[in-house]
Amino acid sequence: MSVLPFAAPMAELIEVAKTNDLPVGRAKPCAFGGKTIALYHTPQGFFASDNTCPHRGGPLGEGDLLGSEIVCPWHFWSFDVTTGKNAADPSLRISTYEVSVDGDRVLVRQP
């Protein structure tokens, strides 16, 4: 008899938007597993992060997306949406989430 190693179950992918809901260069808040995340559509594809800026709680999904950088609309802190790192201080970061596109559906992996 062989013993298989324990494998943790894969986190669930949740649909948060349709691809045509968000043009390239835009961000928007999306409902996700009982909370709100920010979804971004850059020229490199879709990315997602926490919606709350760690500085003063500004809504990142309502900020300006400049390339791959989201700028908080409250106090202009900015973060790279691909890594979550703060532009001025990379030791500060926001949580990011894995994003997949399946046809016209944008899916985010629940942590």
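Structure: above.
On a predicted model such as this, the values are computed, not experimentally measured, just so you know.

Trainee: Can you walk me through the sheet that holds strand S7 (residues 78-80) in this structure?
Mentor: Paired through backbone hydrogen bonds, the strands of a sheet run either parallel or antiparallel to each other. What the three strands build is an open sheet, ordered S5-S6-S7; its pairing is antiparallel. If you trace the sheet from one side to the other, it starts and ends with strand S5 (64-66) and S7, each paired once. Direction aside, the axes of adjacent strands within the sheet are offset by 25° on average. Alignment of strand S6 (residues 69-71) against S7, held across three bridges, turns out to be antiparallel. By the bridge assignment for S7, glutamate 69 is matched with aspartate 80.

Trainee: Before we go on, may I ask you to explain the pattern of salt bridges in this structure?
Mentor: Should their charged atoms come close, side chains of opposite charge can pair. Counted according to the given criterion, the structure contains six salt bridges. Lysine 18 is the salt-bridge partner of glutamate 15, the closest N and O atoms lying 3.1 Å from each other. Taking relative accessible area as the criterion, glutamate 15 reaches 34% and is therefore assigned partly exposed. Ionic pairing is found between aspartate 50 and lysine 35, a salt bridge with its closest N-O pair at 3.3 Å. Of this pair, aspartate 50 sits in strand S4 (residues 45-50) while lysine 35 sits in strand S3 (residues 35-42), and the two are 15 residues apart along the sequence. Taken together, the shared-partner salt bridges connect Glu15, Lys18, Asp102, Asp104 and Arg105 into one network.

Trainee: What's the story with the environment of glutamate 12 in this structure? I'm lost.
Mentor: Tracing the chain through its elements places glutamate 12 in the segment before strand S1 (13-18). Under the relative-accessibility criterion, glutamate 12 is labelled exposed at 51%. Considered as a pair, glutamate 12 and arginine 109 are 97 residues apart in the sequence and their alpha carbons are 5.6 Å apart. Residues within four places of glutamate 12 in sequence aside, it is in contact with Val108, Arg109 and Gln110.

Trainee: Looking at this model, I keep getting lost on unusual backbone geometry. Mind explaining?
Mentor: Excluding glycine, residues mostly have negative phi values, and the peptide bonds linking residues are mostly trans. The phi torsion at phenylalanine 76 lies on the positive side, around 65°, for a residue other than glycine. Of note, phenylalanine 76 is situated in the loop between S6 and S7. By relative accessible area, which is 63% here, phenylalanine 76 ends up exposed.

Trainee: How should the nonpolar core be read in this particular structure?
Mentor: For soluble globular proteins, the rule of thumb is that nonpolar side chains tend to be buried together. Counting 13 residues, the largest nonpolar core has Val16, Phe32, Ile37, Leu39 and Val108 as the members making the most contacts within it. Every element with two or more residues in this core is listed here: S1, strand S2 (26-32), S3, S4 and strand S10 (105-109). If you tally residues by element for this core, the top one is S1, at three residues. When neighbours within four sequence positions are excluded, isoleucine 37 is seen to be in contact with Val16, Lys28, Pro29, Cys30, Phe32, Ala48, Ser49, Asn51, Tyr97 and Val108. Counting residues in hydrophobic clusters, the runner-up holds 12 residues, among them Ala38, Phe47, Leu60 and Phe79.

Trainee: I'm lost on the environment of lysine 28 in this one. Help?
Mentor: Mapped onto the elements, lysine 28 comes out in strand S2. Every residue in contact with lysine 28, bar those within four places of it in the chain, is listed here: Ala17, Asp21, Leu22, Ile37, Ala38, Leu39 and Gly61.

Cut-offs and rules
- Residues numbered from 1 in each chain as written.
- Predicted model: local features only at pLDDT ≥ 70, side-chain atom pairs only at ≥ 80, totals over all residues.
- Heavy atoms only, no water.
- Pairing = 2+ DSSP bridges.
- Helix = DSSP H or I, 4+ residues; strand = E, 2+ residues; numbered from the N terminus.
- Axes fitted to C-alpha atoms, helices over the stretch in contact; angles between N-to-C directions.
- Salt bridge = Lys/Arg side-chain N within 4 Å of Asp/Glu carboxyl O.
- Buried < 20%, exposed > 50% of the residue type's maximum accessible area, 1.4 Å probe, protein only.
- Contact = heavy atoms within 4.5 Å.
- Core = buried A, V, L, I, M, F, W, Y, C linked by side-chain atoms within 4.5 Å.

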